Amino acid sequence: MAAGGLVLRDIHATATPSWWPPAPGWWVLAGVAIAAIVLLAWWRARARRRRVAIVRLFDHQVEAAPTPPQQVAAISELLRRAARRRDAAADTLQGEAWLLHLDAATKRPRKAPMRTDFSQGPGRLLLDGGFRRDVDPAEVDALRALARERFLQWMDAT
């Protein structure tokens with residue numbers, strides 16, 4: 001063959017792969033990502049429903065008591081039930097020891113002074129409020145807000 005008789009053609013590059021459909025690895029990655037998002041959404045919805053149920057339990061028990069002293073007694077009972085989840089012997093504490101235990105459980109920044117909302121604040125109503133003939137409803141409301149926060153914390157609903 002003569003050199004002039006050869007037909008030479010340019011080199012053709014292969015076609016670039018299309019972006020669709022993706023490779024199997026991308027399908028697996030997308031499936032794992034979707035499963036993680038669904039699992040996270042389910043977990044958060046479950047935690048939200050649990051918190052709402054715990055708040056409803058607290059509010060229902062306190063509102064079911066017809067008088068302020070009975071409301072204080074209901075708050076005390078709920079706090080003692082929740083305390084049992086943290087420490088089996090906590091519900092047997094009495095007087096100042098019980099109030100100090102309620103104060104010590106407060107989440108606080110490191111090296112911050114210990115809060116004394118129960119031992120020196122509105123929480124002192126727990127000592128004898130359930131036994132008094134008359135209790136100021138404003139005091140009960142202050143105690144209720146404080147106790148509700150502690151109850152939610154101990155029930156892991158915060």
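Shown above is the structure to which this text applies.
Small disclaimer: the values here were computed from a predicted structure and weren't measured. (Residues numbered from 1 in each chain as written. Predicted model: local features only at pLDDT ≥ 70, side-chain atom pairs only at ≥ 80, totals over all residues. Heavy atoms only, no water.)

> How would you explain the pattern of salt bridges if you had to name every residue and give the values?
Summed over the entire model, instances satisfying the criterion amount to eight salt bridges. Here Arg144 ties to Asp59 by a salt bridge, and the two come within 3.4 Å at their closest N and O atoms. Residue Arg144 is located in helix α5 (residues 137-154), and its partner Asp59 is located in helix α1 (residues 24-64); the two are separated by 85 residues in the primary sequence. When its relative accessible area of 18% is taken as the criterion, Asp59 is described as buried. The shortest N-O distance in the salt bridge between Glu63 and Arg144 comes to 3.2 Å. With Glu63 in helix α1 and Arg144 in helix α5, this pair connects stretches of sequence that are 81 residues apart. A residue is classified by how much of its surface remains accessible, and Glu63, at 54% relative accessible area, is exposed. (Salt bridge = Lys/Arg side-chain N within 4 Å of Asp/Glu carboxyl O. Helix = DSSP H or I, 4+ residues; strand = E, 2+ residues; numbered from the N terminus. Buried < 20%, exposed > 50% of the residue type's maximum accessible area, 1.4 Å probe, protein only.)

> Tell me about the nonpolar core, and name the residues and values.
The biggest cluster of nonpolar side chains holds 27 residues, and the ones touching the most others in it are Ile75, Leu79, Trp98, Leu102, Phe118, Leu126 and Phe151. Where this core is concerned, the elements lending two or more residues are α1, α2 (68-86), α3 (95-104), α4 (125-128) and α5. The biggest single contributor to this core is α5, with seven residues. For Leu79, the contacting residues outside a window of four places in its chain are Trp98, Leu102, Phe118, Leu126, Ala147, Arg150, Phe151 and Trp154. (Core = buried A, V, L, I, M, F, W, Y, C linked by side-chain atoms within 4.5 Å. Contact = heavy atoms within 4.5 Å.)

> So what's going on with α5? Which residues, and what values?
The first and last C-alpha atoms of α5 sit 25 Å apart over 18 residues, in line with the 26 Å expected at 1.5 Å per residue. Turning to α5, its buried residues number three or more, namely Val140, Leu143, Arg144, Leu146, Ala147, Arg150, Phe151, Leu152, Gln153 and Trp154. Looking one or two residues past α5, Asp156 carries a phi angle of roughly 55 degrees, positive in sign. (Expected span 1.5 Å × (residues − 1).)

What is shown is where atoms sit, not what they do.
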